[in-house]
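Working through the structure, step by step
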Amino acid sequence: MRHRTTLIRYAVAAGSVAAATALRLAFDPILGTRFPFATLFFAVLVSAWLAGFGPALAASLLGALLAPWFLLAPRGRLFVTDTEDVGGMLLYLAVSLGIAAIGGAMHRARTRAEAAARDNALHREQLRVTLRSIGDAVVTTDMHGRVTSMNEVASTLTGWPEHEARGRPLEEIFRIVNELTRAATPNPALEALRVGRIVGLANHTMLIARDGQERPIDDSAAPIRDDDGRVHGAVLIFRDVSDRRRGDEVRALLAAVVESSDDAIVTKDLTGTVTSWNAGARALFGYTAEEMVGQSILKIVPPERAADVTKILAAIGRGDRIEHFESERVRRDGTRLTVSLSVSPIRDASGRITGASKIARDITDQKRAEREKDHFLAMLGHELRNPLSAIRNALTASTLDPSRLPRALELASHAATHLTRLVDDLLDVTRVTQGRLTLRRAPLRLADVVERAAEGVRPLFEERGVRLELTPPHADCCVDGDATRLEQVVGNLLTNAAKYTEAGGRVTVSIAEDDGAVVLRVRDTGMGMSRELLPRIFTLFVQGEQALDRARGGLGIGLTLVKKLVDLHGGTVEAHSEGPGQGAEFVVRLPRVSADSVPARCATPAARFGNGTRVLIVEDNSDAAESLTLLLEALGLRVRAVGDGPAALAAAHGDPPDVMLVDIGLPGMSGYEVAERVRQDPALRDTVLVALTGYGLEEDRRRAIAAGFDQHLVKPVEVDKMRALLAQLDER
C-alpha cells in the first residue's frame, strides 16, 4: 500500500511536468522562445503541494531534462551548451529547489493537519459511541458551566434533548435536591470547576427531571484540562440508583425479617461452612454468630446424624429443595433438639449454586406432644373399654341368668358412672383450656363441699380398702366459689389419693384458716412421687408410674383440671412428697370470705311429682329414646317418644305435654327450630321445654335458652338431675 502511494505521488510530479511542458508549448505563438521555464515552476509548486518535497524535487529535475529538447532554442537538443542557457538552467533549478522546499513544508503541515483532523474526528466518534454505550449519564460543560454535550442516558434522566440543553447553564438541566430535607444541593460539576479536582455528591441526592419526575442518583464530576493543565470545562457522570435503592431496601427488610424471626435461619456454603447466623439460631442453639460463622455446621450435629448433612448438601448441589426434613441437633449446653429443616439452594447472578439457606424450627415439644397424644389415645381406649366391657358383660350375664340381674345392674351402673366421669373430665378440661368455663360463684362453707365430695367417692375407698378421715373444720372456713366445681376439685384429689394408696392405707382431709385464706390439705400414705415427677404433676396427661394392666386407671387429666379450676377461683394448689413410698400431700389455698355472707342451710324439699305427668321425648337415636323412656316410666311418668321435629310438633299439638325433652341434633329440623315453633303455638304455652344434648359448653346453654328452652341438660341425664327437674315442674 505504501509503495503504491509513493508511485502515485511521483506520477503526480511527472504528470505536472508533462502538463506544464505542454502548456508552455501552447504559448509559443505568444512567447516564442522567451521564458522557457515559466510553466515548469508551477509544475514544481503543484508537485510540492500535492505530493511533497521528493516529488517536487523530481519534477524540478525532470523539467531540467525536458527543457533542452522541448523549451530551449534551438529545440531538439539533449544537452545545454550555451553559457546563457546554462545560467538559465541553474537559475531554474535554484528557484525550483526553493519552491520544492517551501511547498514540501506546506505539504507536510497540511498532511499533519489532516491527520490531526482525522484523529480528532475518530476520537470524537469513539467518545460519542462510548458515551452512548455506557449505562451512566454523562454531561460536559465549558469553563463557564454551560452544557457542551450530553449522552442519551443523560437526556433520558434529565428530560432534556442534547440539542436543547447545549449552551444552557448546567443548573437548569441538572436540578438536584437533598432527598430528606428537600434543600438545594451544590452542583458537583460547578464545584469541580471551582476547586479543580474530582467532586462527588453526598448521599440522599435526588435528581428532578424536566417533567418533575424524581430519581435518587449517585454521581461524580471532574475538571477537564488542556495540555497546559488549565481547566476549560468539566465532565459530570451520574446514574439512577432507584433499583439499587429498592434492592437495598428489600435486602434491609429481608435482613430485618431474618434477624427478627423466631426460627433459626442459617446460610452455609457447599462444604457446610456457616456463612450467616441469625438471632433465632442463637436462641435455638445457644451459639453466637461470631462463634459459628466460618465454622462447620457439624458443630451442632450429633455424630450419628452427620450423614444427614451430607445428604442435604448433595441434594442442594443438584438444585433440589428440602422441605420439612426432621433431624436432631445439639445445643451449646449439650441438650438435644428435634428440628424440622427446610433448605433451599443459594444461586449467584449467573445462576450457579453457591450455598444453602436453611430454616430450622424446634419441634421437640411438638414431637413430645404427638407422643403424649398417642399415649393418651391408648390410655383413652383402655379406660373406655373397661366400663364398656363391664356394661356389656353385665347385660349379657343377666340375659343368660336372670337371677344375676340385680348384681348386673349394679355393675352396669357403676361402670356407667365411671364412664360419665371420664367424659365429663375431658369436656371440662377442654372448656377450661379454651377459656369457655364460667363459674357460678356464691359464698359457701368449704366443709359442705368436702362432705358431698367424700360421699361421692366413698365407694371407691371402700372398694380399695383405704380409710378416709375428715378432720372437722373451723366454722368460719368459708370461700366464694362455684360449689359444683369445688366439689369436682375435692373429688379429683380424693380419687387420685385413693388410686395411689394401697389397701390398708389412709387418706386424711383437713380444712384450716391461714393468713386470710382457707387451706384444704389432702394427705395420703400411698406411693408418693419422685422429685422428677413433682414439677410436672399438674401437666395434662402426666401420671405416676403405671403397670401394664393400668390397674389405677385414669387419663392423667384430673390433677390438671384441679389446678385450672383452683386458678379460676383465684387460689393456688401445690403438691408435696418426700419421695417414692413416702405418700403425698396436695394443698389448696382459696381466698377466705366472711361466714356472715353464707346463707343458712335449707333442707331440700322432697319431690312431690305424682303419676300422670305427661312427657314427650324428641330423640332420633332409638336406643337413647327407649332407655330414657324406661327411666321416666320407672319414675311414674306418662311418656311418648318421636324421632324428628315435624312429628314432635304434630304430637304436641294433638295432646299438649307437660314436658318436652328435645334433642338438639335432630335430622332436618334442629331442636332449636322445634323450640321456636313450640313457643309460637298458644296451645303449648305451659309446656316446659328441656334441651337434651351432648353439647355442654356455656354458649350451647345460652343458645338453648335464647331459642326458648327452659332448661338445658347434658347427656347422659342422671336420675338425680331428672328428679330435681320434675320437682321444679311440680312446684310450678
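Data block above holds the structure.
Thresholds applied
- Residues numbered from 1 in each chain as written.
- Predicted model: local features only at pLDDT ≥ 70, side-chain atom pairs only at ≥ 80, totals over all residues.
- Heavy atoms only, no water.
- Pairing = 2+ DSSP bridges.
- Helix = DSSP H or I, 4+ residues; strand = E, 2+ residues; numbered from the N terminus.
- Axes fitted to C-alpha atoms, helices over the stretch in contact; angles between N-to-C directions.
- Phe/Tyr/Trp six-rings, centres within 6.5 Å; stacked < 30°, edge-to-face > 60°.
- Buried < 20%, exposed > 50% of the residue type's maximum accessible area, 1.4 Å probe, protein only.
- Lys NZ or Arg CZ within 6 Å of the ring centre and 35° of its normal.
- Core = buried A, V, L, I, M, F, W, Y, C linked by side-chain atoms within 4.5 Å.
- Contact = heavy atoms within 4.5 Å.
- Expected span 1.5 Å × (residues − 1).
- Bend = angle between axes of the 7 residues up to and from the residue.
- Salt bridge = Lys/Arg side-chain N within 4 Å of Asp/Glu carboxyl O.
- Patch = residues over 30% accessible without salt bridge, like charges linked within 9 Å, V, L, I, M, F, W, Y side chains within 5 Å.
- Areas by Shrake-Rupley, 256 points an atom, 1.4 Å probe, with all protein chains shown as cover.
- Arc of directions from axis to C-beta.
- Disulfide = S-S within 2.5 Å.
- Parallel < 35°, antiparallel > 145°, perpendicular 65-115°, else oblique.
- Left-handed = near helix turned anticlockwise from the far one by under 90°.
- Nonpolar A, V, L, I, M, F, W, Y, C, P; charged D, E, K, R; others polar.
- Polar contact = N/O pair within 3.5 Å; in protein donor to acceptor, adjacent residues only side chain to side chain.

What follows covers the sheet that holds strand β20 (residues 614–618). Spatial ordering of the open sheet is given by β21-β20-β22-β23-β24, a layout of five strands whose pairing is parallel. The sheet is open, and its two borders are formed by β21 (638–642) and β24 (711–714), each paired with just one other strand. Strand-to-strand, the axes of this sheet are offset by a mean angle of 20 degrees, without reference to chain direction.

According to the stated counting rule, one finds three aromatic pairs in the structure shown. Seen in terms of ring centroids, Phe174 and Phe238 are 4.8 Å apart; in terms of plane orientation they differ by 50 degrees. Their pairing is tilted. One end of the pair, Phe174, is in the loop between α8 (170–173) and β3 (175–178); the other, Phe238, is in strand β7 (residues 231–240), with 64 residues separating them in the sequence. For the pair formed by Phe174 and Phe238, the shared burial category is buried. Geometrically, the ring pair formed by Trp277 and Phe285 is tilted, given 5.7 Å between the ring centres and 45 degrees between the ring planes. Judged on exposure class, the residue Trp277 and its partner Phe285 are both buried. Above the face of the Trp160 ring, Arg210 is positioned so that its terminal group lies 3.8 Å from the ring centre.

Counting 42 residues, the largest nonpolar core has Leu493, Leu494 and Leu520 as the members making the most contacts within it. Contributing elements (two or more residues each) for this core: α16 (446–464), α17 (483–499), β16 (506–514), β17 (517–524), α18 (558–568), β18 (572–576) and β19 (584–593). It is α16 that contributes the most residues to this core, eight residues altogether. In this view, Leu520 contacts Leu446, Val450, Val490, Leu493, Val509, Ser510, Ile511, Phe586, Val587 and Val588; residues no more than four positions away in its chain are not counted. Judged by nonpolar contacts, the second largest core, of 26 residues, contains Ile312, Leu337, Leu341 and Ala360.

Our next topic: α16. With 19 residues, α16 should reach 27 Å at 1.5 Å per residue; the first-to-last C-alpha distance of 26 Å fits that figure. Its maximal kink placed at Val457, α16 deviates by approximately 45 degrees, while the proline Pro459 follows within four residues. Taken as a whole, α16 has its buried residues at Leu446, Ala447, Asp448, Val449, Val450, Ala453, Ala454, Val457 and Phe461. Backbone geometry just downstream of α16 places Gly465 in the positive-phi region, at approximately 70 degrees.

A few words on the pattern of salt bridges. In this structure the tally under the stated criterion is 29 salt bridges. Note that Asp320 and Arg318 form a salt bridge whose closest N and O atoms lie 3.4 Å from each other. Relative accessible area serves as the criterion here: at 60%, Arg318 is assigned to the exposed category. A salt bridge links Glu455 to Arg458; the shortest N-O distance between them is 3.5 Å. Placement of the pair is Glu455 and Arg458 together in helix α16, with a separation of three residues, close to one helical turn. Relative accessible area serves as the criterion here: at 53%, Glu455 is assigned to the exposed category. By relative accessible area, which is 27% here, Arg458 ends up partly exposed. Shared partners join several salt bridges into a network, and the residues in it are Glu304, Glu328 and Arg336.

Before going further, it helps to spend a moment on the sheet that holds strand β9 (residues 274–277). On the basis of which strands lie adjacent, the open sheet formed by five strands has the order β9-β8-β12-β11-β10 and antiparallel pairing. Pairing within the sheet leaves two strands with one partner each, and these edge strands are β9 and β10 (322–330). Across the sheet, the mean angle separating the axes of adjacent strands is 30 degrees when strand polarity is ignored. One ladder, built from six bridges, connects strand β8 (residues 264–269) with strand β12 (residues 353–362); its direction is antiparallel. In the strand pairing of β12, Asp269 is matched with Gly355. The strands touched by helix α13 (residues 306–317) are β8, β10, β11 (336–347) and β12; relative to β10, the strand with the most contacts, the crossing angle is about 150 degrees.

To continue, consider unusual backbone geometry. Phi is positive for Arg182, which is not a glycine, with a value near 65 degrees. Phi at His324 is positive, roughly 50 degrees, even though this residue is not glycine. Of note, His324 is situated in strand β10. Under the relative-accessibility criterion, His324 is labelled exposed at 59%.

Glancing now at a nonpolar patch on the surface. The grouping of Leu25, Trp69, Phe70, Leu78 and Phe79 at the surface amounts to a nonpolar patch, some 530 Å² of accessible area in total. Examined against the element boundaries, Phe70 turns out to sit in helix α4 (residues 53–70).

Quick reminder: α-helices carry 3.6 residues per turn. Residues three or four places apart thus point the same way. Among the residues of helix α21 (residues 671–679), Gly671, Tyr672, Val674, Ala675 and Val678 are the ones counted as buried. Considered in projection along α21, the buried side chains sweep an arc of 160 degrees and stay on one side of the axis.

Another point: the state of the cysteines. One pass over the structure, following the stated rule, counts zero disulfides. Of all cysteine sulfurs, the one in Cys478 lies closest to Cys477, which takes part in no disulfide; the gap is 7.3 Å.

Before going further, it helps to examine the packing of α16 against α17. Running from N to C, α16 and α17 point in directions that differ by 25 degrees, and their axes come no closer than 8 Å. Our classification of the angle between α16 and α17 gives roughly parallel. Handedness of the α16/α17 crossing: right-handed. Counted together, Val449, Val450, Arg452, Ala453, Ala454, Val457, Leu460, Phe461 and Arg464 of α16 and Ala483, Leu486, Glu487, Val490, Gly491, Leu494, Thr495, Ala498 and Lys499 of α17 form the full contact between these two elements. Residue composition of the contact of α16 with α17, grouped by class: 12 nonpolar, two polar and four charged.

Time to look at the side chain of Asn151. By secondary structure assignment, the location of Asn151 is in the loop between β2 (147–150) and α6 (152–158). Within the structure, Asn151 has its side chain in polar contact with the backbone oxygen of Asp136 (distance 2.9 Å).

Attention now moves to the environment of Ala641. Position of Ala641 among the secondary structure elements: in strand β21. Judged by its relative accessible area of 44%, Ala641 is partly exposed. Expressed as a C-alpha distance, the spacing of Ala641 and Val662, which sit 21 residues apart in the sequence, is 10.0 Å. Discounting chain neighbours no more than four positions away, the residues touching Ala641 are Ile617, Ala625 and Thr629.

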